[in-house]
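What follows is each chain in one-letter form.
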Amino acid sequence: MPATYEATLEFAQDLDRTDTLYSFRERFLFPQHNGEDVRYFCGNSLGLQPKSVSYLMDKELSDWARYGVEGHFKAGYPWFSYHHFFAERLGKIVGAGKDEVVAMNTLTVNLHMLMLSFYRPAGKRYKILMEAGAFPSDQYAVETQVRMHGYEPDDAIIEITPKSGASLIEDADIINAINEAGDSLAVVMIGGVNYYTGQFFDLENITKAAHAAGAYAGFDLAHAVGNIPLKLHDWNVDFACWCSYKYLNSGPGGVGGAYVHERHGNDPRLFRLAGWWGNEEKTRFKMQKGFVPQKGAASWQMSNAPVFNMVAHNASLDIFEKAGIQALREKSVNLTGYMEFLLRKITHLPFEIITPSEPARRGCQISMLFAEKGREVFDALTNRGIIADWREPNVVRIAPVPLYNTYEDCYRMYETMMEIE
Ligand SMILES: *Cc1c(COP(=O)(O)O)cnc(C)c1O
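The following refers to the structure shown. Worth saying up front: this structure is predicted, and the values here are computed from it rather than measured.

As for the overall build of the chain
Okay, so step 1: A count of helices and strands for the chain gives 15 helices and 17 strands.
Okay, so step 2: Taking 22 Å as the expected radius of gyration for a compact globule of 421 residues, we find that the chain reaches 22 Å, a close match to that expectation.
Okay, so step 3: Over its C-alpha atoms, taken along the principal directions, the chain stretches across nearly 70 × 60 × 35 Å.
Okay, so step 4: Each of the 421 residues in the chain was classed as buried or not, and the buried ones make up 57%.
Okay, so step 5: Restricting the contact set of the chain to residue pairs at least 6 apart, pairs at least 24 apart contribute 71%.
Okay, so step 6: Element-wise, carbon and sulfur atoms account for 52% of the exposed surface of the chain, whose accessible area totals about 17800 Å².

Let's talk about the site of the ligand
Okay, so step 1: Neighbouring the ligand are the residues Leu107, Thr108, Phe135, Ser137, Asp138, Asp220, Ala222, His223, Tyr245 and Lys246.
Okay, so step 2: Between a nitrogen atom of the ligand and a side-chain N or O atom of aspartate 138, the distance comes to 2.7 Å.
Okay, so step 3: Here the ligand loses 83% of its free accessible area of 390 Å² to cover by the protein chains.
Okay, so step 4: Every element with two or more residues in the shell around the ligand is listed here: helix H5 (107–118) and helix H6 (136–148).

So, the environment of leucine 335
Okay, so step 1: For leucine 335, the position within the fold is in helix H13 (residues 325–343).
Okay, so step 2: Residues leucine 335 and proline 153, 182 residues apart in the sequence, show an inter-C-alpha distance of 41 Å.
Okay, so step 3: Beyond its immediate stretch of four places on either side in the chain, leucine 335 contacts Pro400, Val401, Pro402, Asn405, Thr406, Tyr407 and Cys410.

So, the packing of aromatic side chains
Okay, so step 1: Taken as a whole and judged by the stated rule, the model has 25 aromatic pairs.
Okay, so step 2: Their ring planes at 50° and their centres at 5.2 Å tell us that tyrosine 5 and tyrosine 338 sit as a pair that is tilted. Of the two residues, tyrosine 5 sits in the segment before helix H1 (9–17) while tyrosine 338 sits in helix H13, which places them 333 residues apart along the sequence. With respect to class, tyrosine 5 is no different from tyrosine 338; both count as buried.
Okay, so step 3: With a centroid separation of 6.1 Å and 85° between ring planes, the pair formed by phenylalanine 30 and tyrosine 404 is classed as edge-to-face. Residue phenylalanine 30 is found in the loop between strand E1 (28–29) and strand E2 (32–33), and its partner tyrosine 404 is found in the loop between strand E17 (395–398) and helix H15 (407–419); the two are separated by 374 residues along the sequence.
Okay, so step 4: Accessibility expressed as a relative area gives 12% for phenylalanine 30, which makes it buried.
Okay, so step 5: Taken together through their ring pairs, the aromatic side chains of Tyr5, Phe11, Tyr338, Phe341 and Tyr407 make up a single cluster.
Okay, so step 6: Over the face of the ring belonging to phenylalanine 135 we find lysine 246, whose NZ or CZ atom lies 5.1 Å from the ring centre.
Okay, so step 7: The positively charged end of arginine 272 is found above the aromatic ring belonging to tryptophan 300, 4.2 Å away from the centroid.

Considerations on the sheet that holds strand E9 (residues 185–191)
Okay, so step 1: Across the sheet, which stays open at both edges, the seven strands sit in the order E6-E12-E11-E10-E9-E7-E8 with mixed pairing between neighbours. The open sheet has two edge strands, strand E6 (101–103) and strand E8 (157–160), and neither has a second partner. In this sheet, adjacent strand axes meet at a mean angle of 15° when their direction is disregarded.
Okay, so step 2: Bridging between strand E7 (residues 127–131) and E9 involves three bridges; their strand directions are parallel. Counted as the bridge partner of lysine 127 is leucine 185 from E9.

Side note on the sheet that holds E17
Whether parallel or antiparallel, the strands of a sheet pair through hydrogen bonds between backbone atoms.
Okay, so step 1: Here we have four strands laid out as an open sheet, ordered E13-E14-E17-E16, and antiparallel in their pairing. Edge positions in the open sheet fall to strand E13 (351–353) and strand E16 (389–391), since each of these has one partner strand only. Averaged over all adjacent pairs, the angle separating strand axes in this sheet is 30°, with direction ignored.
Okay, so step 2: Here three bridges tie E16 to E17, and the two strands are oriented antiparallel to one another. Residue pairing in the sheet places tryptophan 390 in a bridge with valine 396 of E17.
Okay, so step 3: Strands strand E14 (366–370), E16 and E17 of the sheet are contacted by helix H14 (residues 374–383), whose axis makes an angle of about 160° with E16.

Cut-off values and rules
- Residues numbered from 1 in each chain as written.
- Predicted model: local features only at pLDDT ≥ 70, side-chain atom pairs only at ≥ 80, totals over all residues.
- Heavy atoms only, no water.
- Helix = DSSP H or I, 4+ residues; strand = E, 2+ residues; numbered from the N terminus.
- Rg over C-alpha atoms; globule rule 2.2 N^0.38 Å.
- Buried < 20%, exposed > 50% of the residue type's maximum accessible area, 1.4 Å probe, protein only.
- Contact = heavy atoms within 4.5 Å.
- Areas by Shrake-Rupley, 256 points an atom, 1.4 Å probe, with all protein chains shown as cover.
- Near = heavy atom within 4 Å.
- Polar contact = N/O pair within 3.5 Å; in protein donor to acceptor, adjacent residues only side chain to side chain.
- Phe/Tyr/Trp six-rings, centres within 6.5 Å; stacked < 30°, edge-to-face > 60°.
- Lys NZ or Arg CZ within 6 Å of the ring centre and 35° of its normal.
- Pairing = 2+ DSSP bridges.
- Axes fitted to C-alpha atoms, helices over the stretch in contact; angles between N-to-C directions.

Put into structure tokens, the structure is as follows:
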């Protein structure tokens, strides 16, 4: 990493030339603007399509045509075992054993299914602690879980807000609130990286505090997975879920993922809603009475794998495997650092950066909170081929993604912002 950054095109291009991950961008398809690739800063919302997807999709279609039902065992990636092809690669990304993760369903569905297992309120232990301003789907999920058990959200949900005047929530405030809630607390459920500010929470110490209070710790990792290397197993996290269409580039509505720590996943007494795909594989096709959960997170599966929905996931995880999540993180810290350096040079537009500056407290997203004109700036960027992301009421989010963004992209973003009046 250079000791100091410079706000010049030459400097940015020099960094690109020495970037060992530079060529990975050639594996993706970029939307076009005036006949050129856009500068795509929206990988935190919808990742780009790997070029290999269409080949793999064609192959899956021809296996179906060729084998019909026998494709369950004869297809190139046999459908019977399809979810197994992801576990090891996903495990490396989230820091878990291959039995602790499973690709299935979609994010909010997985959140509900895991809450059904881990939110079992009883007596005075019935509260859920979460961050204020969580992604709406998470808020709705938690609200309705609470109501399903006969509680009122106002009473049963503890929301942690930023200190007055601040835009970020301090980890220490979360931990203090957990300690204070003590034996009233059933579950801590927090978004690992906040979608709005880009703040990465201290999952390890939040988990420790939750356990000390006798509660479970679960995380929604939608904006963390594929962005920041995680150590879910070592951090002792109880459960987690994520989607794959953001940093994991697996396409709109792409298959979600779930993690369950092995101490729970291998405990058949823990309640889980059952379907045949979660049953022991040996006896799955015996069609017998009586659900016997297989080992690990895979026992939360209900239905057979939506193979066509998982093709892009397969393509994308191959790319992650080749690049390596640690190497991606190293580039990411530097790339986002450069983007922040450039944005801080812009003084004629009324915005402040609300994402933490410390690399350990963020991934590759930077959120700019505008006092005014945010929407105009966003539209002007779009019109010049720079794809950012707009969040009501007044935030422009950008994500320099290490797999396919360049230092030159960051420089062009800065240059364009400088041109906007
Ligand atoms: C993107 C996102 C979702 C979306 O949920 P889906 O079920 O995949 O539609 C939910 N929660 C968070 C925190 C997200 O970032």
